[in-house]
Amino acid sequence: MKRSIGITINGEVYEETVDQRLLLVDFIREVAGLTGTHVGCSVEGRCGACTVVLNGKAVKACLLLAVQADGASVLTIEGLARDDALHPIQDGFWEKHGLQCGFCTPGLLMALYEFLQNPKHSDEEIRTAMSGVICRCTGYVHIVEAVKHAIATVEALSPQERKEWFNE
Amino acid sequence: MYPRAIENYFAPTDVAEVLTLLQQHGEQAKLLAGGQSLMPLMKLRLAEPQTIIDLNQVAALDDIREENGRLHIGALARHADVATHPLILQSYPLLADAARNIGDPQIRNRGTIAGSLVHADPSADYPPAVMALDGQLVVAKADGGTRTVALDDFLAGPLMSDIGEDELVTRIEIPVPAARSGGAYAKHSQVAGDFAIISVAAHITLDPSGICQQASIVVGGVMPKPGRAGQAAGLLQGKALDAPLLTQAGEAAAEEVETEDDVRASAAYRSQLIRVTVPEVVRQASTRAGE
């Protein structure tokens, strides 16, 4: 029923004995106390608010058991900014007003994290990359603008800077 | 909504171990691959497995390669990998089309080809595509045997497939297409990433003068499982694929594939979508065959 696991989240190891049915999103929120990862639809993994980066890939944390992430590395919204500096993707949303209520924003940023590492993208590709997170406020236009802003920022980074921002 | 308590969780690292676990726990166990269908079912308590056998640590179950005239796709190949694999983009673009149409990027990062085929949703993207390519599943049995089954026979009905409690699909096999072959897949859905209202997969082989030698057309989004439009495909054989013939094939497919009303669309709307989509998809397949 219970199992001892360790998950590295934003570079810090969290060890806990958990119910085997515990969802990864609840490990992140309840065990690690990182409540920036949100729970929206809570059933079928449709809304994407719980998206995190697991071993480099964007996944919905409500569709994984925490025990499946034993030994894995997870990046959440709390791991994006460095000291006082916003991550380029956060900065894009700040500059272009890519959010209203903000509930979907953490999931959206984590869904775009992998995508932005190779920033040459068409408008169509931007929209596809966003398609796994539902926003009920913005109508998405400002989000697309925010992603374009972030792409421009990432493209202007030196290789070293890029590595720093995308080194989980 | 939360899954029922899970008594046993196993994360085996090779196929032999999976089969041993299936032998011990088969009746109460569920194999967990990508989890993009199973986890929602568990949360809804439509599936309440006591034992989870997680396949994600099993080594070498996700490779994609050609061998002895057949494409081998490991059971655990993720949709994102199939959608972007150079060999698949080059020789099996129909499969890449289908993979790219599944869910959204996060789902494609987790979901697996064998998981989708075993789950057997009649509106899923892979089944019509794999059927059009005459795909087969290689199934390992707990007693040490293996069997190979055509996807046409493997799919039994809505969410029903021919998989035993002591069996594991290890790979999908597809014959390497003849020269001058091409395929395409398209679907209609209410919103991006949703299941299909209808979808159409076509695979075409042309002779050097552009005459259709072989054609297969499969329609998804219909009950109880994707349906072959055999008469429509038959119309194409031995002919040049001009616009009037493609229109005729669309008419034939709409006539022969039975549609039903459901929450997504009416039967009549589905038939109309089949009528107009079959010519588009066959045209794209034949263009690719000629390239």
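Quantities reported herein were computed from a predicted structural model and do not represent experimental measurements.

Cut-offs and rules
- Residues numbered from 1 in each chain as written.
- Chains lettered and ligands numbered in written order.
- Predicted model: local features only at pLDDT ≥ 70, side-chain atom pairs only at ≥ 80, totals over all residues.
- Heavy atoms only, no water.
- Salt bridge = Lys/Arg side-chain N within 4 Å of Asp/Glu carboxyl O.
- Helix = DSSP H or I, 4+ residues; strand = E, 2+ residues; numbered from the N terminus.
- Buried < 20%, exposed > 50% of the residue type's maximum accessible area, 1.4 Å probe, protein only.
- Pairing = 2+ DSSP bridges.
- Axes fitted to C-alpha atoms, helices over the stretch in contact; angles between N-to-C directions.
- Domains from an automatic or database assignment.
- Contact = heavy atoms within 4.5 Å.
- Buried area = accessible area lost by both parts, 1.4 Å probe.
- Polar contact = N/O pair within 3.5 Å; in protein donor to acceptor, adjacent residues only side chain to side chain.
- 1 Å grid on protein atoms, 1.4 Å probe; cavity = no way out; pocket = protein on both sides within 12 Å on 5 of 7 lines; lining within 4 Å.
- Points joined across faces, edges and corners; volume = space filled by probe spheres on them.
- Nonpolar A, V, L, I, M, F, W, Y, C, P; charged D, E, K, R; others polar.
- Core = buried A, V, L, I, M, F, W, Y, C linked by side-chain atoms within 4.5 Å.

Asker: I'd love a proper account of the pattern of salt bridges, names of residues and values included.
Answerer: Residues and elements named next belong to chain B. On inspection of all chains with the given rule, the structure shows 19 salt bridges over all chains. Among the ionic pairs, Asp-125 bridges to Lys-187, the shortest N-O distance being 3.1 Å. Placement of the pair is Asp-125 in the loop between helix H7 (113-119) and helix H8 (126-132) and Lys-187 in strand S11 (residues 181-188), with a sequence separation of 62 residues. Side by side, Asp-125 and Lys-187 carry an identical accessibility label, which is buried. Note that Arg-147 is salt-bridged to Asp-162, the shortest N-O span being 3.1 Å. Of the two residues, Arg-147 is situated in strand S7 (residues 146-150) and Asp-162 in the loop between strand S9 (160-161) and strand S10 (167-175); the sequence distance between them amounts to 15 residues. Owing to a relative accessible area of 21%, Arg-147 belongs among the partly exposed residues under this scheme. According to the relative accessible area criterion, Asp-162 is partly exposed, its value standing at 36%.

Asker: Pulling in residues and values, what's your account of the sheet that holds S7(B)?
Answerer: All names here are of chain B. Read from one edge of the open sheet, five strands run S4-S5-S10-S6-S7, paired in antiparallel fashion. In the strand order of this sheet, the two ends are held by strand S4 (64-67) and S7, each with one partner. The mean angle between the axes of side-by-side strands here comes to 30°, regardless of whether they run parallel or antiparallel. As paired elements, strand S5 (residues 70-74) and S10 share five bridges and run antiparallel to each other. In the sheet register, Arg-70 faces S10, and the bridge partner there is Pro-175.

Asker: Which residues make up unusual backbone geometry, and what are the values?
Answerer: Residues Met223(B) and Pro224(B) are joined by a peptide bond in cis, for which omega reads -5°. Inspection of the secondary structure puts Pro224(B) in the loop between strand S13 (212-220) and strand S14 (227-228). Located in the positive-phi region is Asp83(A), a residue other than glycine, with phi close to 50°. With respect to the helices and strands, the residue Asp83(A) is situated in the loop between strand S5 (73-75) and helix H2 (88-95). In this structure Asp83(A) comes out as exposed when scored by relative accessible area, which is 79%. For Tyr140(A), which is not glycine, the phi dihedral falls at a positive 75°. Here Tyr140(A) is to be found in the loop between helix H4 (123-130) and helix H5 (141-156).

Asker: How would you summarise the pairing of strand S1 (residues 2-9) of chain A if you had to cite specific residues and measurements?
Answerer: Successive residues of a regular strand alternate their side chains across the two faces of the sheet. Residue and element names in this part refer to chain A. Here S1 runs beside strand S2 (residues 12-19); their pairing, made up of eight bridges, is antiparallel. Residue pairing in the sheet places Gly-6 in a bridge with Glu-15 of S2. Hairpin connection from S1 to S2: two residues lie between these consecutive antiparallel strands, with Asn-10 at a positive phi of about 50°. Pairing geometry for S1 and S5, over two bridges, is parallel. Within the sheet, the bridge partner assigned to Ile-9 lies in S5 and is Val-74.

Asker: Can you break down the domain arrangement of chain A residue by residue, with the values?
Answerer: Residues and elements named next belong to chain A. Domains assigned within chain A are domain 1 (2-78) and domain 2 (88-166). For domain 1 versus domain 2, the separation of C-alpha centres amounts to 22 Å. Facing 18 residues of domain 1, the contacting portion of domain 2 comprises 13 residues. Taken together, the two surfaces of domain 1 and domain 2 that pack against each other cover about 1,200 Å², and 66% of this comes from carbon and sulfur. Considering only the surface of domain 1 that becomes buried against domain 2, His-38, Thr-51 and Ile-77 emerge as the three largest contributors, covering 35% of it. Remark: the boundary between domain 1 and domain 2 carries one salt bridge. Where domain 1 meets domain 2, there are four residue pairs in polar contact (both at pLDDT 80 or more).

Asker: Account for the layout of surface pockets, naming residues and giving values.
Answerer: Taken as a whole, the second largest pocket spans an internal volume of roughly 620 Å³. Around the second largest pocket sit 18 residues that line it, and Phe115(A), Thr128(A), Thr84(B), Pro105(B) and Arg108(B) are the ones nearest its centre. Contributing elements (two or more residues each) for the lining of the second largest pocket: strand S4 (57-60), helix H3 (105-115) and H4 of chain A together with helix H3 (79-84) and helix H6 (105-110) of chain B. Counting residues per element, the lining of the second largest pocket draws most heavily on H3(B), at four residues. Of the residues that constitute the lining of the second largest pocket, the class distribution is seven nonpolar, five polar and six charged.

Asker: Describe the nonpolar core, and please don't skip the residues or the numbers.
Answerer: Of all hydrophobic cores here, the largest spans 51 residues; its most connected members are Ile73(B), Val82(B), Ile88(B), Leu95(B), Tyr126(B), Leu137(B) and Ile172(B). Setting aside anything within four residues of it in sequence, one finds Ile88(B) in contact with Ile64(B), Leu71(B), Ile73(B), Val82(B), Pro93(B), Leu95(B) and Ala96(B). Core analysis: the second largest hydrophobic core is formed by 35 residues, Val18(A), Ala32(A), Leu64(A) and Ala69(A) among them.

Asker: A description of the sheet that holds strand S3 (residues 51-54) of chain B should follow, citing residues and the corresponding values.
Answerer: All names here are of chain B. Pairing within the open sheet is parallel, and its three strands lie in the order S1-S3-S2. Edge positions in the open sheet fall to strand S1 (8-10) and strand S2 (29-32), since each of these has one partner strand only. Across the sheet, the axes of successive neighbouring strands diverge by a mean angle of 20°, strand direction being ignored. In this structure, S1 lies alongside S3, joined through three bridges in parallel fashion. Paired with Asn-8 across the bridge in S3 is Thr-51. Its contacts with the sheet place helix H1 (residues 15-25) against S1, S2 and S3, and it is angled at close to 170° to S3.

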